[in-house]
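Topology and contacts: notes
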Amino acid sequence: MSEIPVVSTPDELLAIALPVAREAAATARRMRDEAIGDVQTKSTDTDVVTAADKAVERQVVDALLALRPGDGVLGEEYGDSATVAPGAVRWILDPIDGTVNYLYGLPQYAVSLAAEVDGAVVAGVVINAATGDEWTATRGGGAWRAGRRLTGSARTTLDQTLVGTGFGYDPRRRAHQGAVLARLITRVRDIRRFGAAALDLCHAAEGSLDAYFEKGLNLWDHAAGGLIAAEAGLTVAGLSGAPAGKEMLVAAPPAIFPALHAALVELDAAGGA
């Protein structure tokens, strides 16, 4: 790619992110067969990382810094590339969200790339690398998939809500999360666990899930997907007035959010390890 002028409007940043993310998704898809033979673990024996995670992240970092050498990049595998000045752009990258799905050949793994300015995510793209499906958003510009503006679910009651969630890798956290779900499942339509937070947030944005919650997400897990959900009109927040983050992220339409929030507080969903 040739060098382009440094720009920072959300639309211009999204225009940069899209081709970079598409090339990254193509690399992830191409490498899957060879990459699954080189698997390491991170926080626990079930927290896996493949050679493709690292290769895709390096490809994206190199592409972004070639285009915009003054920007920073926060990636899951290699961390922060630089400290950015006020008003500068930091890119937030998950090279393969859903690595266990990737490992097993399940078609739910994604490249997630967001642009952040002064702590606020202003543009984001999530691409399901297995299928090529894309979701995008810019702050104030709405959330989109295949030319269709997303507006989330029209569901209004918790008992009719299809809820997505995910589990941590620590066995103690999983035990607590399982106990929460055992009590929540009788209050909702059903529970789904697809294994890729960025895609879960996109599914909530388009209404194929009514709502989503999870404890333990890192910024790269939800930066792009969280913006897409918020721009689709969902409330994206933590519990008890806290912002969405590692302790808890809840994404739900405004009509559902209060009841889901109340249930999660009552069930101590943010507790445990």
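Check the entry above for the structure.
Residues numbered from 1 in each chain as written. Predicted model: local features only at pLDDT ≥ 70, side-chain atom pairs only at ≥ 80, totals over all residues. Heavy atoms only, no water.

Some thoughts on the side chain of Asp 71
Cut-off, in case you're wondering: Put simply, DSSP H or I for four residues or longer makes a helix, DSSP E for two residues or longer makes a strand, and each gets a number counted from the N terminus. The definition of a polar contact used here is a pair of N or O atoms within 3.5 Å, where within protein one atom must be able to donate a hydrogen and the other to accept one, and adjacent residues in sequence count solely through side-chain atom pairs.
Note that Asp 71 resides in the loop between helix 2 (51–67) and strand 3 (72–75). A polar atom in the side chain of Asp 71 sits 2.3 Å from the side chain of Arg 68.

Re the pairing of strand 13 (residues 211–214)
Heads up, the condition is: Accessible area is worked out with a 1.4 Å probe on protein chains only. A residue is then buried under 20% of its type maximum, exposed over 50%, and partly exposed in between. Strand pairing requires that DSSP identify at least two bridges connecting the strands.
The alternating pattern of strand 13 places Ala 211 and Phe 213 on one face and Tyr 212 and Glu 214 on the opposite face, and all of these are buried. Sheet analysis places strand 13 next to strand 15 (residues 249–252), joined by 3 bridges and oriented antiparallel. Across the sheet, Tyr 212 pairs through a bridge with Ala 251, a residue of strand 15.

A look at the environment of Arg 173
Cut-off, in case you're wondering: Any pair of residues with heavy atoms lying within 4.5 Å of one another is described as a contacting pair.
In this fold, Arg 173 is placed in helix 4 (residues 171–184). When the C-alpha positions of Arg 173 and Ala 273 are compared, they lie 4.8 Å apart, and in sequence the two are 100 residues distant. Apart from the residues lying within four places of it in its own chain, the contact partners of Arg 173 are Gly 168, Lys 215, Gly 216 and Ala 273.

Description of the sheet that holds strand 10 (residues 148–149)
One open sheet holds the 8 strands; their spatial order is 4-3-5-6-7-8-9-10, and the pairing between them is mixed. Each edge of the sheet is formed by a strand with only one pairing partner; in this case those strands are strand 4 (79–80) and strand 10.

Regarding the pairing of strand 15
With burial as the criterion, each face of strand 15 is covered, one bearing Leu 249 and Ala 251 and the other bearing Val 250 and Ala 252. Pairing of strand 14 (residues 235–237) with strand 15 involves 3 bridges; the strand directions are antiparallel. If you follow Ala 237 over to strand 15, its bridge partner there is Val 250.

What about the side chain of Glu 116?
Looking at the element boundaries, Glu 116 is found in strand 6 (residues 110–117). Of the residues examined, Glu 116 reaches a relative accessible area of 10% and is grouped as buried. Setting aside its immediate chain neighbours within four residues, Glu 116 contacts Ala 88, Val 89, Arg 90, Ile 92, Val 121 and Leu 219.

What about the sheet that holds strand 14?
This is how the line gets drawn: Lines fitted to C-alpha atoms define the axes, with helix axes restricted to the stretch in contact, and inter-axis angles between N-to-C directions lie between 0 and 180 degrees.
Within the open sheet, the 5 strands sit side by side as 12-11-13-15-14. Their pairing is mixed. A single partner strand is all that each edge strand has here, and the edge strands are strand 12 (190–192) and strand 14. Looking at each pair of strands side by side, their axes are set apart by 15° on average, direction ignored. Two elements, strand 11 (residues 162–164) and strand 12, share 3 bridges in a ladder whose sense is parallel. Each residue of the ladder has a partner; that of Leu 162, found in strand 12, is Asp 190.

What to know about the nonpolar core
As a reminder of what qualifies: Working definition of a nonpolar core: buried Ala, Val, Leu, Ile, Met, Phe, Trp, Tyr and Cys residues. They are joined through side-chain atoms within 4.5 Å.
Judged by nonpolar contacts, the single largest core of 34 residues is most densely connected at Val 60, Leu 64, Trp 91, Leu 113 and Val 125. If you list the elements that add at least two residues to this core, you get helix 1 (10–35), helix 2, strand 5 (89–97), strand 6 and strand 7 (120–128). The dominant element in this core, judged by the number of residues it contributes, is helix 1, at 11 residues. Residues within four places of Val 125 in sequence aside, it is in contact with Leu 14, Ala 17, Leu 18, Ala 21, Val 111, Ser 112, Leu 113, Trp 135, Thr 136 and Ala 224. One finds Cys 202, Ala 223, Ile 228 and Ala 251 within the second-largest nonpolar core, a separate group that totals 30 residues.

Brief notes about the packing of aromatic side chains
Rules: What counts as a ring pair is set by centres within 6.5 Å for rings of Phe, Tyr and Trp (its six-membered ring), and what kind of pair is set by the plane angle: stacked under 30 degrees, edge-to-face over 60, tilted for all other angles.
For the structure on display, the rule yields 1 aromatic pair. Relative to Tyr 109, the ring of Tyr 102 has its centre 4.8 Å away and its plane inclined at 80°; by these criteria the two rings are edge-to-face. Of the two residues examined, Tyr 102 and Tyr 109, each falls in the buried class.

Some words on the environment of Ala 88
Here Ala 88 shows up in the loop between strand 4 and strand 5. Residues Ala 88 and Ser 8, spaced 80 residues apart in sequence, show a C-alpha to C-alpha distance of 7.9 Å. Apart from residues no more than four positions distant in its own chain, Ala 88 is found in contact with Glu 116, Val 117 and Asp 118.

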